[in-house]
Amino acid sequence: MTDNIMTAERTPDVIALEIQTIHSQTQKVLLSGVVEIGRRLCEAKELVPFGEWGSWLSEKVHYSQSTANNFMRVFEEYGADQIGFFGDVKSQALGELGYTKALMLIAVPAEEREEFAAENDVANKSTREVEKLIKERDDAVKNAAAASEREATTAKNLKAITDKAEKLKTDLKKANESTEKYKKELKELQSKPIDVAVQEADPEAIEAAKAEARKQAETELQEKIRKAQEEAEDLKKKLAVAAPEVTRFEALYNEANGLLDKLVTMLNDAAPDHQLGFRKALAALFEAYGSQIGEGAA
């Protein structure tokens, strides 16, 4: 009678829960064990003579070098400072993951690891899902870095364009100043007498020489004025093309930069379950526009 009651109470859901619990506990024990094995492997490696490490692993503990390297890496990333036997993992949250997931999460920087595991509920994800999450995180970081680099390049190019426009303005100012200077010299020349050296005191020769000297001086100044005015007109045309484009681009660039700052702030302040979606959306945005910018730059 008792057996029948017990059998009736043991449903598939109950059995599944028991299996999951045992599996979880086994994973925790395994991770703790790997941490302590890794600790001792690090210790042994310092003591084994140079060149004999592979042989020592194979003969004494029956590990390949890749397995030993994984165990030592797990200890270095997760092991607590004190010597223990089981349970000495720095973070309890990461200690819930089990060996396989803990090994996978080494790809995530240590300072982000615990938050990443909590935000993405890694403990309850399959290894395939965790692998996908890590890849998405890496892609988002790459896209953010690429976007930052593109932003720096854009800012650099914008500065170059702005500097060019400023130089055009400066050159135009100088050309206008030269024009005014030569006009003033021409006016002064025309309003004052010219002294010339002649060998004989012939009034007609003196007047002829003065007229020739004045004409030559006026011609030279008029040529300078012409060249200065031509330069000024050329600079005006170049500036007319450059200045509106620069002004418009700079205004839109600053506006876009401000919007991006707001989006990043919103991302950082968002609830954990929304952050991943926001990151993906921003990454897709950067990728879409980044490819267009890249094609134009090429």
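Summarised in this report is the structure supplied together with it. (Residues numbered from 1 in each chain as written. Predicted model: local features only at pLDDT ≥ 70, side-chain atom pairs only at ≥ 80, totals over all residues. Heavy atoms only, no water.)

1. Structural notes on the layout of surface pockets
The calculated volume of the largest pocket comes to roughly 1,400 Å³. What lines the largest pocket is a set of 45 residues, and nearest its centre among them are A144, A147, L260, L282 and F286. Element by element, the count of residues in the lining of the largest pocket is highest for helix α8 (residues 127-191), at 16 residues. The class makeup of the residues in the lining of the largest pocket is 25 nonpolar, nine polar and 11 charged. Residue lining of the second largest pocket: Q20, H23, S24, Q27, E96, L97, G98, T100, K101, A123, N124 and T127, and that is the complete set. Those elements giving two or more residues to the lining of the second largest pocket turn out to be α2 (12-47) and α6 (99-104). (1 Å grid on protein atoms, 1.4 Å probe; cavity = no way out; pocket = protein on both sides within 12 Å on 5 of 7 lines; lining within 4 Å. Points joined across faces, edges and corners; volume = space filled by probe spheres on them. Helix = DSSP H or I, 4+ residues; strand = E, 2+ residues; numbered from the N terminus. Nonpolar A, V, L, I, M, F, W, Y, C, P; charged D, E, K, R; others polar.)

2. Re α2
Compared with the 52 Å implied by 1.5 Å per residue over 36 residues, the 52 Å span of α2 between its first and last C-alpha is a close match. For α2, the full list of buried residues reads Q27, L31, S32, G33, V34, V35, E36, G38, R39, L41, C42 and A44. (Expected span 1.5 Å × (residues − 1). Buried < 20%, exposed > 50% of the residue type's maximum accessible area, 1.4 Å probe, protein only.)

3. Observations regarding the packing of α2 against helix α3 (residues 53-61)
At a closest axis distance of 10 Å, the pairing of α2 and α3 adopts a crossing angle of 130°. Taken together, the axes of α2 and α3 are oblique relative to one another. As for the relative orientation of α2 and α3, their crossing is right-handed in sense. Here α2 contributes L41, A44 and K45 to the contact with α3, which in turn contributes W53, W56 and L57. Looking at the contact of α2 with α3 residue by residue, the classes come out as five nonpolar, no polar and one charged. (Axes fitted to C-alpha atoms, helices over the stretch in contact; angles between N-to-C directions. Parallel < 35°, antiparallel > 145°, perpendicular 65-115°, else oblique. Left-handed = near helix turned anticlockwise from the far one by under 90°. Contact = heavy atoms within 4.5 Å.)

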